[in-house]
Amino acid sequence: MRYQLSAEAAEFYESTFVPALFAAWARRLVDTVAVTPGQAVLDVACGTGVVARTAADLAGAAGEVVGVDLNTSMLAVARRIRPDLRWQHGDACALPFGDASFDLVLSQAGLMFFGDRMAALREMARVAGVRGRVAVQVPGRLAASPGYRALADVVARHAGREAVDLLGAYFAVGEPDELHHLVDAAGLRVEVFDTWLGATRLDSVDTFLAVELLPLADRLDRDVRDRIVEDCRTALAPFVDAAGAIAAPIEVHLVVARPEPE
Ligand SMILES: C[S@@+](CC[C@H](N)C(=O)[O-])C[C@H]1O[C@@H](n2cnc3c(N)ncnc32)[C@H](O)[C@@H]1O
C-alpha cells in the first residue's frame, strides 16, 4: 500500500473496505483481547481508525485510545469520524511513544506492509511493556482464501505472475509457521494463535473487482482488464448469491502475545 493516499482514496477505503471486511475483523480482535473500561490502547497502522473506534467503545471515558499511522489522509478520515480520540502521525517501526505506555497494542492489516516487520513487532512489545499485550491480525494464506485464489488464477492467466505478486502483497505474512516464528523472534510469547475464515462482502462482483484490482490499476490495459472481469464472473460465481452480492472467503490470523521480560 502506498503511504500517501489521496483524500478520496482514504474516504473510499472507509466507505468500502471497512464495512466489507475490516469492521468484522476489528470486532473479533477487540473481543478476543477483551478490552475493558479504563485501558490504554494503541492502534498501530490505524488507517481510518476502525480498530481504535471499536476499542474506544469498550475502554470508555476512563480509557485512552490512540491511533498511529504513516498516512495523513487516513488519519484525517479517522479524526473526522472520532475527533475525541488521539490520532498521531508515525511509523510502526519507530513508534513515537515511551516504554510500557499501553495496556494493549493492537495492529490490524498492517504488518505485511511494514518496511521492517521485526522492528515493528519489537516496537509494539516495547510500548506494551511486560504487563501489556500485543495483538496482530493479518490476512492468512492466499491458497487458503478461496475467493482470492480464484481471482489470482484469473489474473495470472491474463496478466502474468508479476501481477499476481502485487495482489499477493496482502498475504505476505500469511504462512502460519513463519508468522509464529516472527512474533517469537521479536521477543513476544504467543498466547493465542487463531486462524479463522472471514469473508469480504460487497454488493457485486464489479465492486469486488474495483476494490481488489486497485493495486493493478496502473498496469492493466483496458482489454486485459475486461477479460479478467469477464472470466471472474464465472470463477467467482460460487461466492455470489441470488441478489448478486459476493462473499469472498479470506483466511485471517489473529495472534495475541505478551512481551517476554528482558
Ligand atoms: C490495509 S490498511 C489497515 C488500516 C486499519 N488498521 C484497518 O484495519 O482498517 C494498512 C495501513 O497501514 C498503514 N501503514 C503502512 N505502513 C506503515 C508504517 N510503517 N507505519 C504506520 N502505518 C503504516 C497504511 O498507511 C494504512 O493505513
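Description of the structure in this document. Numbering of residues starts from 1 in every chain and runs along the sequence as written. This being a predicted model, a pLDDT of at least 70 is required before a residue's local features are given, and a value of 80 or more before pairs of side-chain atoms are given or counted; all residues contribute to the totals for chains, interfaces and linings. Only heavy atoms go into the side-chain values, all of them from the structure, while hydrogens and water stay out.

**Things to note about the overall build of the protein chain**
Keep this limit in mind: For the purposes of this entry, the term helix denotes a DSSP run of H or I that reaches at least four residues, the term strand denotes a run of E that reaches at least two, and both are numbered from the N terminus. Here the globule rule is a power law, 2.2 Å times the number of residues to the power 0.38, and the radius of gyration is based on C-alpha atoms. Buried residues are those whose accessible area, probed at 1.4 Å on protein chains only, stays under 20% of the maximum for their type, while exposed residues exceed 50% and partly exposed ones sit between those limits. In what follows, a contact means two residues having at least one pair of non-hydrogen atoms within 4.5 Å. Note on areas: Shrake-Rupley, 1.4 Å probe, and residue coverage restricted to the protein chains presented here. Charge convention: Lys and Arg are scored as positive, Asp and Glu as negative, and His as well as the terminal groups of each chain are ignored. Throughout, a charge is located at the NZ atom of Lys, the CZ atom of Arg, the CG atom of Asp or the CD atom of Glu.
Scanning the protein chain for helices and strands turns up nine helices and seven strands. At 18 Å, the protein chain has a C-alpha radius of gyration in line with the 18 Å of a compact globule built from 262 residues. Taken along its principal axes, the extent of the C-alpha atoms in the protein chain is 55 × 40 × 30 Å. When burial is assessed residue by residue, the protein chain has 52% of its 262 residues classed as buried. Restricting to contacts in the protein chain with at least 6 residues of sequence separation, those with at least 24 account for 78%. Total accessible area computed for the protein chain in this model is approximately 11,600 Å², and 52% of it derives from carbon and sulfur atoms. The centroid of the 25 positive side-chain charges in the protein chain is displaced by 2 Å from the centroid of its 36 negative side-chain charges.

**Observations regarding the sheet that holds strand β3 (residues 86-89)**
Basically, it comes down to this: The rule for pairing is simple: two strands pair if DSSP sees at least two bridges between them. Throughout, an axis means a line fitted to C-alpha atoms (over the contacting stretch in the case of helices), and angles, computed between N-to-C directions, take values from 0 to 180 degrees.
Reading across the sheet, the seven strands line up as β3-β2-β1-β4-β5-β7-β6 and stay open at both edges, with mixed pairing between neighbours. Where the open sheet ends on each side, the last strands, each with one partner, are β3 and β6 (188-202). Recorded for the sheet is a direction-independent mean angle of 20° between the axes of neighbouring strands. In this structure, strand β5 (residues 133-139) lies alongside strand β7 (residues 246-259), joined through six bridges in antiparallel fashion. What sits directly across from Gln-137, in β7, is Leu-254. With respect to the sheet, helix α2 (residues 50-59) is in contact with β1 (40-44), β2 (64-69), β3 and β4 (104-108), its orientation differing from that of β4 by roughly 145°. Packing of helix α7 (residues 176-185) onto the sheet brings it into contact with β5, β6 and β7, and relative to β6 it is tilted by some 135°.

**Description of the site of the ligand**
Put simply, the test is: When at least one non-hydrogen atom of a residue lies within 4 Å of a molecule or strand, that residue is treated as near it. In protein, a polar contact requires one atom able to donate a hydrogen and another able to accept it; more generally it is a pair of N or O atoms within 3.5 Å, and residues adjacent in sequence count only if both atoms are side-chain atoms.
In the vicinity of the ligand, 19 residues are found, and the nearest of them are Tyr-13, Ala-45, Asp-69, Ala-92 and Gln-108. At a separation of 2.7 Å, a nitrogen atom of the ligand approaches a polar backbone atom of Ala-45. The backbone of Leu-70 places a nitrogen or oxygen atom 3.4 Å from a nitrogen atom of the ligand. Look at the ligand: alone it shows 600 Å² of surface, and the protein chains cover 99% of it.

**As for the side chain of Thr-200**
Relative to the helices and strands, Thr-200 is located in strand β6. Judged by relative accessible area, Thr-200 falls into the buried class, the value being 1%. A distance of 2.6 Å separates the side chain of Thr-200 from the side chain of Tyr-148, its partner in a polar contact. When residues no more than four places from it in sequence are discounted, the contact partners of Thr-200 are Ala-20, Leu-21, Tyr-148, Phe-208, Glu-212, Ile-246, Ala-247, Ala-248 and Ile-250.

**Structural notes on the pattern of salt bridges**
Definition in use: One speaks of a salt bridge when a side-chain nitrogen belonging to Lys or Arg is within 4 Å of a carboxyl oxygen belonging to Asp or Glu.
Under the criterion given, the structure shown has 18 salt bridges. A salt bridge links Glu-123 to Arg-126, with the shortest nitrogen-to-oxygen separation between them at 2.8 Å. Of this pair, Glu-123 and Arg-126 both sit in helix α4 (residues 117-128), three residues apart, which is roughly one turn of the helix. Glu-123 gets classed as buried once you look at its relative accessible area, which sits at 14%. One salt bridge connects Arg-189 with Glu-260, and the closest N-O pair in it is separated by 3.6 Å. In this pair, Arg-189 sits in strand β6 while Glu-260 sits in the segment after β7, placing the two residues 71 residues apart along the sequence. When its relative accessible area of 37% is taken as the criterion, Arg-189 is described as partly exposed. With a relative accessible area of 36%, Glu-260 lands in the partly exposed category. Each of Arg-189, Glu-191, Arg-258 and Glu-260 takes part in salt bridges that share partners, so that together they form one network.

**Examining the nonpolar core**
The test is simple: Throughout, nonpolar core names a set of buried Ala, Val, Leu, Ile, Met, Phe, Trp, Tyr and Cys residues whose side chains join them through atoms within 4.5 Å.
Of all hydrophobic cores here, the largest spans 96 residues; its most connected members are Leu-42, Leu-106 and Met-124. For Leu-106, the contacting residues outside a window of four places in its chain are Leu-29, Val-30, Val-33, Val-41, Leu-42, Asp-43, Val-44, Val-51, Ala-55 and Ala-135.

**Some points on the side chain of Ser-145**
In this structure, Ser-145 sits in the loop between β5 and α5 (146-159). Assessed through its relative accessible area of 0%, Ser-145 is described here as buried. For Ser-145, the side chain forms a polar contact with the main-chain nitrogen of Glu-251, separated by 2.9 Å. When residues no more than four places from it in sequence are discounted, the contact partners of Ser-145 are Phe-171, Pro-249, Ile-250 and Glu-251.

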